[in-house]
Amino acid sequence: MSRSAPRKQPVTVNTEWLSDCSGCHVAIVDLHEKILTVLDAVQIQRCPVLTDIKDYPKATVGLVSGAIRNEHDRHAAEEMRKSCDLIIAWGSCAVHGGPAGAGNIHTREEIVDSVYMKNKTTTPHLPPSREVSPLEPAVTPLDSVIDVDLYLPGCPPHPAFIFDALLALVEGRTPKATKESVCAKCKRKMEKTDTDAIRGNLDGSPDPEQCFLSQGYLCMGSVTLDRCLSPCPLNGIPCTGCAGATMQILTEPNRDIRTEIADRMSRLTKIPRDAIVREIENSSKSLYSYTMATSMIGEKPTFLIKKWIGDAEADYE
Ligand code: SF4
Ligand code: SF4
Ligand code: SF4
């Protein structure tokens with residue numbers, strides 16, 4: 001009589017949520033019925049949106065979303081590392097610091113002052129209670145505090161990439177990770193035009209077939225890693241780079257977001273390269289915000305980012 005194969009132990013998963021917007025955890029819901037494919041093989045233990053487990057049980061895999069911004073984040077990250085065999089930095093906040101990284105332009109005192117003491121929409125103006133975990137001097141990515149085994153950037157990563165990461169862990173293989181840029185899935189055509197001025201995202205009606213750069217709109221698709229399947233340019237909106245920079249940008253010391261875009265856009269249009277560089281520097285608080293806290297970006301010519309933002313804010317005032 002043949003015996004059935006012994007049932008494999010499920011992969012146990014803990015998740016944790018540091019300083020972030022919750023979007024990465026909510027993205028699990030976007031798996032819809034596909035999650036059933038992995039639920040038999042995955043046992044979700046600690047997960048702030050699904051279970052009421054406060055401590056950190058031993059687990060095979062730990063998914064950590066969010067950046068390190070305060071003492072609570074540091075403690076939670078260390079607990080996750082101690083309890084999990086494998087840690088995945090999940091989403092652009094964990095991988096690069098994410099949008100909160102733009103806070104590094106300001107001191108802690110300026111941030112607390114702006115949010116608690118000078119906020120125009122809340123009164124009375126009181127300092128944060130002592131129960132609020134104190135801010136660290138700067139926002140840092142997860143791997144500045146603990147060792148990370150796998151990186152899954154994206155804001156949030158597309159459910160297809162989350163699903164593949166979970167399935168890969170169940171199957172004991174390395175997740176498939178494309179190295180392509182957002183342009184790879186975008187169907188717009190890059191072509192030479194007579195456009196001679198940069199356009200704001202709300203200016204005019206962009207041609208739906210032509211590359212945004214050809215039309216004078218700043219699109220970060222060519223310097224951004226595809227972890228999203230390019231929804232923005234496919235739906236009429238230029239990419240703002242939320243999944244973080246491509247490996248070429250991150251790893252080659254002389255390549256930088258603004259110079260790459262300015263080179264490409266000035267070749268496609270009649271807009272002078274210097275004007276494009278200046279425009280990106282003026283908008284750097286938004287265009288670099290997702291990756292501003294990563295040392296890989298900070299060690300590039302981008303170290304001038306504080307100066308660009310200071311100049312732009314002085315002009316605005
Ligand atoms: S990566 Fe984006 S979606 Fe995920 S937590 Fe950070 S801000 Fe939210
Ligand atoms: S730069 Fe933007 S619009 Fe142009 S091909 Fe790339 S993603 Fe599409
Ligand atoms: S902004 Fe760019 S990287 Fe972010 S979802 Fe849109 S296309 Fe993807």
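Further up the page is the structure itself.
Fair warning: this is a prediction, and the values are worked out from it, not measured in the lab.

Cut-off values and rules
Residues numbered from 1 in each chain as written. Chains lettered and ligands numbered in written order. Predicted model: local features only at pLDDT ≥ 70, side-chain atom pairs only at ≥ 80, totals over all residues. Heavy atoms only, no water. Buried < 20%, exposed > 50% of the residue type's maximum accessible area, 1.4 Å probe, protein only. Helix = DSSP H or I, 4+ residues; strand = E, 2+ residues; numbered from the N terminus. Pairing = 2+ DSSP bridges. Near = heavy atom within 4 Å. Nonpolar A, V, L, I, M, F, W, Y, C, P; charged D, E, K, R; others polar. Axes fitted to C-alpha atoms, helices over the stretch in contact; angles between N-to-C directions. Parallel < 35°, antiparallel > 145°, perpendicular 65-115°, else oblique. Left-handed = near helix turned anticlockwise from the far one by under 90°. Contact = heavy atoms within 4.5 Å. Expected span 1.5 Å × (residues − 1). Polar contact = N/O pair within 3.5 Å; in protein donor to acceptor, adjacent residues only side chain to side chain. Core = buried A, V, L, I, M, F, W, Y, C linked by side-chain atoms within 4.5 Å.

S.K.: I would appreciate a short explanation of the pairing of strand β3 (residues 59-65) in the present structure.
M.R.: Residues in a regular strand point their side chains to alternate faces of the sheet. Counting buried residues along β3, six of its seven residues qualify, which places the element largely inside the surrounding structure. Relative to β3, strand β1 (residues 11-17) runs parallel, the two sharing five bridges. Considered in β3, the bridge of N14 is made with G62. When β3 meets strand β5 (residues 84-90), the two strands line up parallel, connected through five bridges. Bridge pairing in β5 links A59 to C84.

S.K.: What should I look at first to understand unusual backbone geometry in this one?
M.R.: Most peptide bonds adopt trans geometry, and most residues besides glycine take a negative phi value. Note the cis peptide between T123 and P124, where omega equals -5°. With omega at -10°, the peptide bond leading from C155 into P156 counts as cis. With respect to the helices, strands and loops of the structure, P156 is situated in the loop between β7 (150-152) and α6 (159-171). Positive phi, normally seen in glycine, also occurs at S22, with a value near 85°. Counting through the fold element by element, S22 comes out in the loop between β1 and α1 (23-29). Phi at S230 is positive, roughly 55°, even though this residue is not glycine. The topology assignment puts S230 in the loop between α6 and α7 (231-234).

S.K.: Honestly, the site of ligand 1 in this entry has me stumped. Any pointers?
M.R.: Close to ligand 1 lie D20, C21, G23, C24, G91, S92, C93, P99, G154, C155 and P156, which account for all nearby residues. Of all elements in the fold, only α1 and α4 (92-96) reach the threshold of two or more residues within the shell around ligand 1. When its residues are assigned to classes, the shell around ligand 1 shows six nonpolar, four polar and one charged.

S.K.: It is not clear to me how the packing of helix α9 (residues 257-268) against helix α10 (residues 273-282) should be interpreted in this structure. Could you clarify?
M.R.: Angle between the axes and distance between the axes are the two parameters that describe a pair of packed helices. One can describe the packing of α9 onto α10 by two numbers: an axis separation of 9 Å at closest approach and a directional angle of 140°. In terms of axis orientation, α9 runs oblique to α10. Viewed along their axes, α9 and α10 form a crossing whose handedness is right-handed. Only R273, I276, V277, I280 and E281 of α10 make contact with α9, whose side of the interface consists of R258, T259, I261, A262, D263, M265 and S266. The class makeup of the residues in the contact of α9 with α10 is six nonpolar, two polar and four charged.

S.K.: Sorry if this is basic, but what is going on with helix α3 (residues 71-83) here?
M.R.: Working note: α-helix, 3.6 residues per turn, so residues spaced by three or four point in the same direction. The first and last C-alpha atoms of α3 sit 19 Å apart over 13 residues, in line with the 18 Å expected at 1.5 Å per residue. Tucked into the core, α3 has its buried residues touching β1, β3, β4 (68-70) and β5. The opening residue of α3, the one whose side-chain oxygen lies 3.2 Å from the backbone nitrogen of H72, is N70.

S.K.: How do you make sense of the nonpolar core when you look at a structure like this?
M.R.: Soluble, globular proteins show a tendency: their nonpolar side chains are buried together. Judged by nonpolar contacts, the single largest core of 28 residues is most densely connected at L213, L218, M220, I257, I261, I276 and I280. Every element with two or more residues in this core is listed here: α8 (247-251), α9 and α10. Of the residues forming this core, the biggest block, five residues, is contributed by α9. In this structure, L218 is in contact with N201, L213, P238, C239, I261, M265, I276, E279, I280 and L287, ignoring residues within four places of it in sequence. Within the second largest apolar cluster, 21 residues are counted, among which are V13, C24, V42 and L167.

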